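Residues per chain, in single letters:
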Amino acid sequence: MRESALAYAMLAPSLLIFGAFVFFPFVKNFSFPFYQQSTASGFGTFGKAAPPKWVGWQQWHEVFTSRTFWHSAWVTVQFVVLTVPLGIAFGLLLAVLAHQRLRGITIFRTIFSSTVASSAAVASTIFFSLIGTESGLWKLRIHGHALLDDKTWALPAIALVSVWQSLGLSFIVMSSGLQAIPDDLLEAARVDGASSVRRFRRVTLPLLSPTIFFAFVVGSISAFKTFAEIDLLSPIGKETGGTSLLAYQVKRLAFESESRNGQAAIFAVGLFAIVLLLTLIQMRLERRVHYGR
Amino acid sequence: MAVSISVSQRPVGRSIARYFVLIVMAGLILFPIYITIVNSLMEPTALANGPVWWPSHPTLSNYATAWTNAHVGRYLWNTVIVAVGITALQVSTAILGGYAFAFLNFPLKRLMFVMYLATLMIPGEVTIIQNVQTVHDLGWYNSYAALIVPFIATGFGAFLLRQSFLAVPADLQDAAALDGYGHWRFLRRVVVPICRPGIAAMALFAFLGAWNQYLWPLLVTSDDRYRTVQIGLKQLRTENLSSVTVVFAGTVLAFLPIALLLLAFSKQLVRGLTAGAVKG
Amino acid sequence: MSAVAFEGVTKEFAGGVRAVDSLDLVIEDHEFLVLLGPSGCGKSTALRMIAGLDDPTAGVVRIGDRIVNDVDPKDRDVAMVFQSYALYPHMTVRKNIEFPLDARKLPHAERNTVVQHAAEVLGLAELLDRKPAQLSGGQRQRVALARAIVRRPSVFLMDEPLSNLDAKLRVQTRVELVALQRSLASTLIYVTHDQVEAMTMGHRIAIMRDGMLQQVGPPQEVYDRPANQFVAQFIGTPPMNTFHAVASARGLEVADGAFAMVDGWAREPQDVIGGIRPEHLHLESLAREAPDGGALVVATVSMVEALGHERHVHCRMQNDDSIIVRVAASDPYPTTGEAVALRADAEHVHVFSTETGQRVALA
């Protein structure tokens, strides 16, 4: 079979990379929790540590009964709830505003999508430089604390930065969803005498629901994995726990000072479970939410 | 609400209101970027009393400092190498994979396809512990290989291009077979040229992702010679606590190339980013 | 220049669907053969097996004296024109025509001459630098033809090449294709579902249904002596009337009446399917005996369709079967509800078996 040989030749490079850098480490990640690194084997000493010791389910037990894990999960959920709906709402608002037939609207469309050019690191650096604790130009303070170090307000502040950074993407996605709605449907509603608010609620919004749903799932997945914003914006909170999201914990436990691979791997499994759940929900609901074909 | 009447009677008033809302929103979005650019043009001393709103005596000295002293030039160069490398290789593997899934029949095709899709559901955090270990084992710590190789295969890209390739009429494949074109030449001479828009969108998406990577480069590089600009920003901040103007300049340098690129290819960007969101 | 032959060729697709069932068919050298049949009858699959785009499950395909079952499409010396034309959208007309030569590594100068010649033959000389999207349907069709002829293949395959053209252009292109085939003097196998194309273009017609060959023969022969009820009804507009009847010494009996047959019916009376084309039926006044002394069949007019050059009189016979009579525009015609007597041209009465639908020989 020449065709099969050709096909596998074409897939081979990818399969090799997937095997080495996706599937192997993925499977390996499930074995880490059963071992304990016997000596401190930090960031730079990788591979030179003494062989790890089998400890069975002990670390699973430790992690799932620890305050750190549940607190981190709770903070992460809070962060997702703070960012995702707000991002979608703003994106939708901008998309509706930019959907008008006005002179120069393309300039506004460009501006509204501009933050896609900003990475999380760029956005975080900008805001840290503006309102950061030490070096910020404004050194925003609340209740006498620096805003980004405040127990209550650090997370919402970081969430706002994240919303700003993802606004461009949210706008682009909502915009193209809006453009995919056939004009004649809205015109029909107009002929039927529906007001603009009613047209939006009864026609636009339902037809946009697949797009909103997609944005919701993709946005949630990426919010659950937030790392750069925390690393760059929250020098204190990330260590004391106020803003230590799951992804940050994975990195901290695995790669900082004393290596705790096993625990880090369990946090990672938690993240994986969430991503998997969201993906499955999306696949399940995709058919239901789409109208027609 | 007498909507239709007001439209015909007060079109100017309505337009002004609309523009007002648009301008306010645009201002809110651009404000952080604007302040960053303005203050990146100021002498550090001019910011003693907080940020300025208008560059009275603009200077490029912060950019010079960021570029050379703070190595942002080097970081950018590294990022270009890494992002271009990842993009070129991802496009290649995705074209091959997309072609196999769209045009070839082979045993275990479904299983292979499911495997490709499965890679989309595995977040990087789950693989990162072992992958960092692997990079150390291979002796790739602080190297371009560590930054590029793990990302040269893409399930998403292959899936995207497969969709794009499936739109190529089957008759063209038959016609090419009769005309004496085997798979490779059909791919090169017919499929790739026809699907150029889809490939461009996928490439831009890959480039953007590679350019913006943060966690991975942070873990596998510690040397300025390999650091990318995203983690360079973190470095910049800790090294230049005193002169925030240099940080601003570095941020603009990290932001500007990608902004210009996206401006030039906004159509492909929209296509790439919304793939999957809107059917049809 | 070669003959093409199917020898016991069967094509089964995944899921057990038999697209082509034990096909035996020889297409002569230089012949223009039309493969005719409704959609899904296997005609396109048969064509694709000649091209090598589908592989037969069983049997042998020959081109010339070569068995080509295992020969690559590009080495079969065939060219194909697709229904969609299959033009490469990103290439100019010139590049499209040149494409097959490109793969054959023809020298540049020669290539140009060939392309130029093909373009002139098909009236495309002015359009060589355009892209397919800038062409009309008819022009695209010509580019597809040009791309096929530059290779000077021994066998041309065409899969419904006219079906995307408007009616007027189709008539014109039909004539041109016949002329083109004659000038190229190569074998042409032409797939269509349009019986008018089949009748007007082919040297012979091969009619297929459900993967099986029904009849092969020159158009007039197929029209005059359809091998079975399917062929009888597939060819001709309006189609041949078929109705329940009893074949007996009187002819084809329908209720009290009968249609005369030339040679009569020598066997025992038998239930059959009668077949008479609308142009072979005539209206007679009820009062009169048939002029040749033959029998008449009584029917009631249910509708009269005027087509300008003729009228179609739809009648219902006493056994409740419908029947259409063609009446010249200048002739008198009945009104709806009127009772009429029908007479058939005895030499054009067909008889088919009730069980198999096959033609029943009368002599």
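Cut-off values and rules
Residues numbered from 1 in each chain as written. Chains lettered and ligands numbered in written order. Predicted model: local features only at pLDDT ≥ 70, side-chain atom pairs only at ≥ 80, totals over all residues. Heavy atoms only, no water. Contact = heavy atoms within 4.5 Å. Buried area = accessible area lost by both parts, 1.4 Å probe. Salt bridge = Lys/Arg side-chain N within 4 Å of Asp/Glu carboxyl O. Polar contact = N/O pair within 3.5 Å; in protein donor to acceptor, adjacent residues only side chain to side chain. Helix = DSSP H or I, 4+ residues; strand = E, 2+ residues; numbered from the N terminus. Nonpolar A, V, L, I, M, F, W, Y, C, P; charged D, E, K, R; others polar. Domains from an automatic or database assignment. Buried < 20%, exposed > 50% of the residue type's maximum accessible area, 1.4 Å probe, protein only. Pairing = 2+ DSSP bridges. Axes fitted to C-alpha atoms, helices over the stretch in contact; angles between N-to-C directions. Parallel < 35°, antiparallel > 145°, perpendicular 65-115°, else oblique. Left-handed = near helix turned anticlockwise from the far one by under 90°. Arc of directions from axis to C-beta. Expected span 1.5 Å × (residues − 1). Bend = angle between axes of the 7 residues up to and from the residue.

**Q** Looking at this model, I keep getting lost on the interface of chain B and chain C. Mind explaining?
**A** The parts lose accessible area when they come together, and the size of an interface is often stated as this lost area. At the interface, 15 residues of chain B touch 23 residues of chain C. Summing the contributions of chain B and of chain C, the shared interface buries around 1600 Å²; its carbon and sulfur component is 61%. For chain B, the biggest contributors to the area lost against chain C are Asp171, Leu178 and Asp179 of chain B; these three give 38% of the whole. Linking chain B with chain C are three salt bridges. With a closest N to O distance of 2.9 Å, Asp102 of chain C and Arg189 of chain B form a salt bridge. At the boundary of chain B with chain C, the tally comes to nine residue pairs in polar contact (both at pLDDT 80 or more). Taken together, the elements giving at least two residues each to the side of chain B that touches chain C come down to α9 (170–178) and α10 (183–194) of chain B. For the side of chain B that touches chain C, the element with the most residues is α9 of chain B, which contributes seven residues. Its residues placed into classes, the side of chain B that touches chain C shows nine nonpolar, one polar and five charged.

**Q** Is there a simple way to explain the interface of chain B and chain A in this structure?
**A** Contacts between chain B and chain A engage 95 residues on the former and 88 residues on the latter. Between chain B and chain A, roughly 8200 Å² of surface is buried when both sides are summed, and carbon and sulfur atoms account for 78% of that area. At the boundary of chain B and chain A, one finds one salt bridge. On the surface where chain B and chain A come into contact, there are twelve residue pairs in polar contact (both at pLDDT 80 or more). Sort the elements by how many residues they give to the side of chain B that touches chain A and helix α2 (residues 11–40) of chain B lands first, with 17 residues.

**Q** Sorry if this is basic, but what is going on with the domain arrangement of chain B here?
**A** Residues and elements named next belong to chain B. According to the domain assignment, chain B consists of domain 1 (2–59) and domain 2 (71–274). On a C-alpha basis, the centres of domain 1 and domain 2 stand 35 Å from each other. Taken together, the nine residues of domain 1 in the interface contact eight residues of domain 2. Summing both sides of the interface, domain 1 and domain 2 together bury roughly 600 Å²; the carbon and sulfur share of this comes to 87%. It is Thr36, Ser40 and Pro44 in domain 1 that bury the most area against domain 2; as a group they hold 55% of the surface buried on that side. The interface formed by domain 1 and domain 2 contains zero salt bridges. Each residue belonging to the side of domain 1 that touches domain 2 can be placed in one class, and the counts come to five nonpolar, three polar and one charged.

**Q** In this structure, what is going on with the pattern of salt bridges? I would like to understand it.
**A** Side chains that differ in sign of charge can pair as their charged atoms come close. Summed over the entire model, instances satisfying the criterion amount to 22 salt bridges over all chains. Ionic pairing is found between Lys251 of chain A and Glu256 of chain A, a salt bridge with its closest N-O pair at 2.8 Å. Lys74 of chain C is paired through a salt bridge with Asp75 of chain C; the nearest N and O atoms lie 3.9 Å apart. Since its relative accessible area comes to 33%, Lys74 of chain C is described here as partly exposed. In this structure Asp75 of chain C comes out as partly exposed when scored by relative accessible area, which is 40%.

**Q** I would appreciate a short explanation of the pairing of strand β18 (residues 322–328) of chain C in the present structure.
**A** For a regular strand, the rule is simple: side chains alternate between the two faces of the sheet. Residue and element names in this part refer to chain C. One ladder, built from seven bridges, connects strand β17 (residues 310–317) with β18; its direction is antiparallel. Of the residues in β18, the one forming a bridge with Arg311 is Val327. Adjacent in sequence and paired antiparallel, β17 and β18 are bridged by four residues, among which Asp320 carries a positive phi angle near 80°.

**Q** Got a minute to help me understand the packing of helix α1 (residues 2–29) of chain A against helix α5 (residues 109–121) of chain B in this structure?
**A** When two helices pack together, their arrangement is given by the angle between the helix axes and the distance between those axes. In contact at an axis separation of 11 Å, α1 of chain A and α5 of chain B are set at 40° when each is read in the N-to-C sense. Classified by the interaxial angle, the pair formed by α1 of chain A and α5 of chain B is oblique. Crossing of α1 of chain A against α5 of chain B: the hand is left-handed. Listed contacts from α5 of chain B to Tyr8, Leu11, Ser14, Leu15, Phe18, Val22 and Phe23 of chain A of α1 of chain A are Met112, Met115, Tyr116, Ala118 and Thr119 of chain B.

**Q** Looking at this structure, how should I read helix α3 (residues 61–69) of chain B?
**A** At 3.6 residues per turn, the α-helix brings residues three or four places apart onto the same side. Within α3 of chain B, the full set of buried residues consists of Asn62, Tyr63 and Ala66 of chain B. Seen from one end, α3 of chain B has its buried residues packed into an arc of 100°, which puts them on one side.

**Q** What's the story with the sheet that holds strand β16 (residues 297–306) of chain C in this structure? I'm lost.
**A** All names here are of chain C. The sheet built from five strands is open, its strands ordered β15-β19-β16-β17-β18 with antiparallel pairing. Edge positions in the sheet fall to β15 (281–284) and β18, since each has one partner strand and no second. Averaged over all adjacent pairs, the angle separating strand axes in this sheet is 45°, with direction ignored.

**Q** Please explain the environment of Glu239 of chain A as it appears in this structure.
**A** All names here are of chain A. Structurally, Glu239 can be placed in helix α10 (residues 237–240). The spacing of Glu239 and Ala146 is 93 residues in sequence and 16 Å in space, taken between C-alpha atoms. Residues in contact with Glu239, not counting those within four places in the same chain, are Tyr248, Arg252 and Glu256.

**Q** It is not clear to me how helix α8 (residues 196–224) of chain A should be interpreted in this structure. Could you clarify?
**A** For α8 of chain A, built from 29 residues, the straight-helix expectation of 42 Å at 1.5 Å per residue is missed by more than 12%, its first-to-last C-alpha distance being only 36 Å. Within α8 of chain A, the axis deviates most sharply at Ser209 of chain A, by approximately 50°, and proline Pro210 of chain A lies no more than four positions further along.

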